[in-house]
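Understanding the architecture of this molecule
Listed below are the residues making up each chain.
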Amino acid sequence: MDNHKKTQILKMLNECAKSLSKNNMEAFVAKDKEEAKEIFENLLSDCKTVTMGGSMTIGECGLTDILKNGDYTFYDRNAPGLTSDDVADIYRKAFSCDAYISSSNAITQNGELYNVDGNSNRVAAMLFGSKKLIVVAGYNKIVKDLDQAIIRVKTHAAPANCVRLGIDSYCSEKGSCLSLSAPNPDMCSGCTSDSRICASYTVMARQRNKDRVKVILIAEELGY
């Protein structure tokens, strides 16, 4: 990446980190994936049990390998040979783990985390349960406000994830949410597919449990 562009991205991330901190979320800025790995490993140093939600960002950063080889119990939802009941059990274990790892669909410049989920296990675990929530996100997830966060999911995150997961939906075929063809699309409007991945919508703003949420912002484009 051009150094001038990188400088501007880092400025944006640092401003976002300040907003997250004001909302009682501890924020870190990493210039690249390697620096993010160091921060990530430090945050896990006192953990005995960890698990994660579905995330392209985590894989692209190489953090899954860290999770598999760390000095703690990693409840891996993607481990070979698991039954649907096994996976559901791991979803529930997330509420009592020392750390839950996820990305975010969007992070506003006001320091808010916006997420949309299909099964709802990811957003449920982000909101409550684990001692730590560690969120890892590339600069491409940063948006101006919640209105832009909603649009980002409808035009980027949801369509790309539907394609990745092989889900036959309007957005996987057309590239954006059906609701955007309406005059005034709202947050929850969209297709009526039973396999739709937009079912639960959450915003994490100022937190009462100070510093439970750790956010690593990376000056690279990562995930959807």
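No experiment lies behind these values; they were computed from the predicted model shown.

Turning to the sheet that holds strand S2 (residues 49-52), a few remarks are in order. The strand order across the open sheet formed by six strands is S1-S10-S7-S4-S2-S3, and the pairing between neighbours is parallel. Strands with a single pairing partner mark the edges of an open sheet, and in this sheet they are strand S1 (26-30) and strand S3 (73-75). For this sheet the average axis-to-axis angle between neighbouring strands, irrespective of direction, equals 20°. Pairing of S2 with strand S4 (residues 99-102), which is carried by three bridges, proceeds in the parallel orientation. For Val 50, the partnering residue across the bridge sits in S4 and is Ala 99.

Tracing the backbone shows Arg 212 in the loop between strand S9 (200-204) and strand S10 (213-218). Among buried charged residues, Arg 212 stands out as having no salt bridge; its nearest opposite-charge side chain is Asp 98, 11 Å away. Look past the residues within four positions of Arg 212 in its chain and what remains in contact with it is Ala 125, Met 126, Leu 127, Phe 128, Gly 129, Ser 130, Lys 131, Lys 132, Leu 133 and Met 204.

One finds Leu 13, Leu 20, Ile 107, Leu 113, Val 215 and Leu 217 to be the most contacted residues of the largest nonpolar core, which totals 24 residues. Breaking this core down by element, the ones donating at least two residues are helix H1 (3-22), S1, helix H6 (121-127), strand S7 (132-138) and S10. Ranked by residues supplied to this core, first place goes to H1 with five residues. For Leu 217, the residues in contact, after removing those within four places along its chain, are Leu 13, Cys 16, Ala 17, Leu 20, Phe 28, Val 29, Ala 30, Ile 107, Ala 137 and Ile 142. Residues Ala 30, Ile 58, Leu 67 and Ile 218 belong to the second largest nonpolar core, which totals 23 residues.

Right, let's get into the environment of Gly 118. Looking at where Gly 118 falls in the secondary structure, it is placed in the loop between strand S6 (113-117) and H6. Classification of Gly 118 by relative accessible area gives partly exposed; the value is 28%. Along the chain, Gly 118 and Tyr 201 lie 83 residues apart, while their C-alpha atoms are 9.2 Å from each other.

Cut-offs and rules
Residue numbers run consecutively from 1 along every chain, following the written order of its sequence. Residues qualify for local features only when their pLDDT is at least 70, as the model is predicted, and side-chain atom pairs are given and counted only at 80 or more; totals for whole chains, interfaces and linings, by contrast, use all residues. Water and hydrogen atoms were dropped before computing side-chain values, which therefore reflect all heavy atoms in the structure. Criterion used throughout: strands pair if DSSP finds at least two bridges between them. In DSSP terms, a helix is any run of H or I states spanning at least four residues, a strand is any run of E spanning at least two, and both are numbered starting from the N terminus. Interaxial angle, 0 to 180 degrees, is taken between N-to-C directions of lines fitted to C-alpha atoms, where a helix line uses only the stretch in contact. Here the term buried applies to any residue with accessible area under 20% of the maximum for its type, exposed to any over 50%, and partly exposed to those in between, with areas from a 1.4 Å probe on protein chains only. Positive: Lys, Arg. Negative: Asp, Glu. His and the chain ends are not part of the count. The term salt bridge refers to a side-chain nitrogen of Lys or Arg lying within 4 Å of a carboxyl oxygen of Asp or Glu. Here a residue-residue contact requires only that any non-hydrogen atoms of the pair lie within 4.5 Å. To form a nonpolar core, buried Ala, Val, Leu, Ile, Met, Phe, Trp, Tyr and Cys residues must be joined to one another through side-chain atoms within 4.5 Å.

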